[in-house]
Amino acid sequence: MNDIVSTESEQKLHDVDAQTIEAIDRCSQCFSQISANISQIVLGQDEVVDHVLQCLIANGHVLLEGVPGLGKTLLVRALATSIQADTARIQFTPDLMPSDVTGHAQYSLKTEEFIIRKGPVFTNLLLADEINRAPAKTQSALLEIMQERRATIEGESFAVAKPYMVLATQNPIEFEGTYPLPEAQLDRFMINAYIDYPAADDEVAIVDQVTTDRAVDQLDTSAIEAVATAEDILTAQQIASRIHIDDEVLKYAVEIVRATRNFNGVTQGASPRAGIALARMARGAALMNNRHFVTPDDIHTTALPALRHRISLSPEFQIEGLSADKVLSDIIAEIPAPRT
């Protein structure tokens, strides 16, 4: 897609100071190293890795969907190692309670008072594994944390660390023993990244890596070196929030979101939160591509992960086997990108 920027927008772009351009360049190089790190062991999923990193830059949360065994958990471990972040894992099960997620108060016989025991949500990167295997009550325990970045334990509110990101893995809903996530919680995830089966060559490389000179069937992440810190991530988030989006490009993003509400076969369209997520993801894409402005291409490449979990299809479309991605692709194709 060839993007032609208006004269007024060009003037704004040229007004960016050299210090900002240098900072964007440093951030872009940093995230290129993080991406290369993760791609060493998460093979054949470059697009998913990029979307997860863009979401991290945008200070959002990720819902990773795919059948078991495709490297969802491995991706989170590799990311945590790359940015020297604390990480915790919760294995969601049907008997998991909300207090197992957020924490609880425990009576101490020694001090004769209640002590707050913080749960695994108090970390930087929280892996909520197979989140849709727990009932809605437990899933909803994450809502406050994801939105407010705080957790309430016995009436007292506690802030989580910065940066903070929930990476939840989800099995396809048709799998046995899964519960659909509440719409309110789905909307809190900035993106839904779908991990598909790897290409044949990548799968051969995966099998070779796991089975050669290894007695266990998992990849070793010890070879991954830390290339960034939590402070680097917070700096990148601040810089990305100031990346320029031309008015016409922003309108293009909003038009895509609004079109989902009136498209044939869509029973529930995307909310305004979807437009916010799309704009923030596009800024993350611009930063990773070492640009101080957002292009229509950035909107286009981040639209599917930002919107696919925010729309509901009619029963007729579902019976026909049409996916949210197919419908969204049709919507995007009908909306002309800005070329002023």
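Everything below is about the structure shown above.
To start, this report covers the structure provided alongside it. (Residues numbered from 1 in each chain as written. Predicted model: local features only at pLDDT ≥ 70, side-chain atom pairs only at ≥ 80, totals over all residues. Heavy atoms only, no water.)

Some remarks on the overall build of the protein
- In terms of regular secondary structure, the protein is built from 15 helices and 11 strands.
- Here the protein has a C-alpha radius of gyration of 21 Å; the compact-globule value for 340 residues is 20 Å, and the two agree.
- Projected onto its principal axes, the C-alpha coordinates of the protein cover approximately 70 × 50 × 50 Å.
- Evaluated residue by residue, the protein yields a buried proportion of 48% over its 340 residues.
- Long-range pairs, those at least 24 residues apart, make up 78% of the contacts in the protein between residues at least 6 apart in sequence. (Helix = DSSP H or I, 4+ residues; strand = E, 2+ residues; numbered from the N terminus. Rg over C-alpha atoms; globule rule 2.2 N^0.38 Å. Buried < 20%, exposed > 50% of the residue type's maximum accessible area, 1.4 Å probe, protein only. Contact = heavy atoms within 4.5 Å.)

Structural notes on the pattern of salt bridges
- This structure, assessed with the given rule, holds 9 salt bridges.
- One salt bridge connects R26 with E22, and the closest N-O pair in it is separated by 3.4 Å. Remark: E22 and R26 occur in helix α2 (residues 18-39); sequence separation between them is 4 residues, near one turn of the helix.
- One salt-bridge network, in which partners are shared between bridges, spans D187, R273 and R310. (Salt bridge = Lys/Arg side-chain N within 4 Å of Asp/Glu carboxyl O.)

Points about the sheet that holds strand β1 (residues 62-65)
- The 5 strands are arranged β2-β5-β8-β1-β9 in an open sheet whose pairing can be described as parallel. Here the strands that pair on one side only, and so sit at the sheet edges, are β2 (87-91) and β9 (191-194). Between one strand axis and the next, the sheet turns through 20° on average, direction left out of account.
- Docked against the sheet, helix α3 (residues 46-57) engages β1, β8 (165-170) and β9, running at close to 160° with respect to β9. (Pairing = 2+ DSSP bridges. Axes fitted to C-alpha atoms, helices over the stretch in contact; angles between N-to-C directions.)

So, α3
- Between its terminal C-alpha atoms α3 stretches 17 Å, which fits the 16 Å expected from 12 residues at 1.5 Å a residue.
- Summarising burial for α3: 9 of the 12 residues are buried, a large majority.
- What α3 keeps buried is the set V48, V49, H51, V52, L53, Q54, C55, L56 and I57. (Expected span 1.5 Å × (residues − 1).)

Re the packing of aromatic side chains
- Under the criterion given, the structure shown has 1 aromatic pair.
- Centre to centre, the rings of F122 and F158 are 6.4 Å apart; their planes meet at 85°, and the pair counts as edge-to-face. Here F158 lies in strand β7 (residues 156-159) and F122 lies in the loop between β4 (113-118) and β5 (125-129), a separation of 36 residues in the sequence.
- Against the face of F122 rests K118, its NZ or CZ located 5.0 Å from the ring centre. (Phe/Tyr/Trp six-rings, centres within 6.5 Å; stacked < 30°, edge-to-face > 60°. Lys NZ or Arg CZ within 6 Å of the ring centre and 35° of its normal.)

Describing the pairing of strand β3 (residues 103-108)
- Inspection of the sheet shows β3 paired to β4 by 6 bridges, in the antiparallel sense. Residue pairing across strands places G103 opposite K118, the latter belonging to β4.
- As consecutive antiparallel partners, β3 and β4 are separated by 4 residues, and within that stretch E112 has a phi angle of approximately 55°, a positive value.

Section: helix α13 (residues 296-307)
- Between its first and last C-alpha, α13 extends 16 Å over 12 residues, near the 16 Å set by a 1.5 Å rise per residue.
- Restricting attention to buried positions, one finds in α13 the residues P296, D298, I299, T302, A303, P305, A306 and L307.

Some points on unusual backbone geometry
- Backbone torsion omega between K162 and P163 reads -10°, so that peptide bond is classified as cis.
- Turning to its location among the elements, P163 is positioned in the loop between β7 and β8.
- Even without being a glycine, N290 presents a positive backbone phi close to 60°.
- If you trace the backbone, N290 turns up in the loop between α12 (272-288) and α13.
- On the basis of relative accessibility, which here comes to 37%, the residue N290 falls in the partly exposed class.

Some remarks on the environment of T81
- With respect to the element layout, T81 can be found in helix α4 (residues 72-82).
- Looking at T81, the relative accessible area reads 28%, which means it is partly exposed.
- Through-space distance from the C-alpha of T81 to that of I116 is 29 Å; in sequence the pair is 35 residues apart.
- Leave out the neighbours within four places in its chain, and T81 touches I224 and A226.

Points about the environment of I34
- With respect to the element layout, I34 can be found in helix α2.
- Overall, I34 belongs to the buried group, its relative accessible area being 0%.
- Once the C-alpha coordinates of I34 and I233 are considered, the two residues, 199 residues apart in sequence, prove to be 11 Å apart.

As for the packing of helix α11 (residues 247-259) against α12
- For the pair α11 and α12, interaxial distance at closest approach is 9 Å and the crossing angle is 140°. By the angle between their directions, the pair α11 and α12 is classed as oblique. Note on packing geometry: the crossing formed by α11 with α12 is right-handed. In contact with L250, A253 and V257 of α11, α12 contributes A274, G275, L278 and A279.
- For the contact of α11 with α12, the residue count by class is 6 nonpolar, 1 polar and no charged. (Parallel < 35°, antiparallel > 145°, perpendicular 65-115°, else oblique. Left-handed = near helix turned anticlockwise from the far one by under 90°. Nonpolar A, V, L, I, M, F, W, Y, C, P; charged D, E, K, R; others polar.)

What about the side chain of S82?
- Mapped onto the secondary structure, S82 falls in helix α4.
- Of the polar contacts made by the side chain of S82, one reaches the side chain of N37; its length is 3.1 Å. (Polar contact = N/O pair within 3.5 Å; in protein donor to acceptor, adjacent residues only side chain to side chain.)

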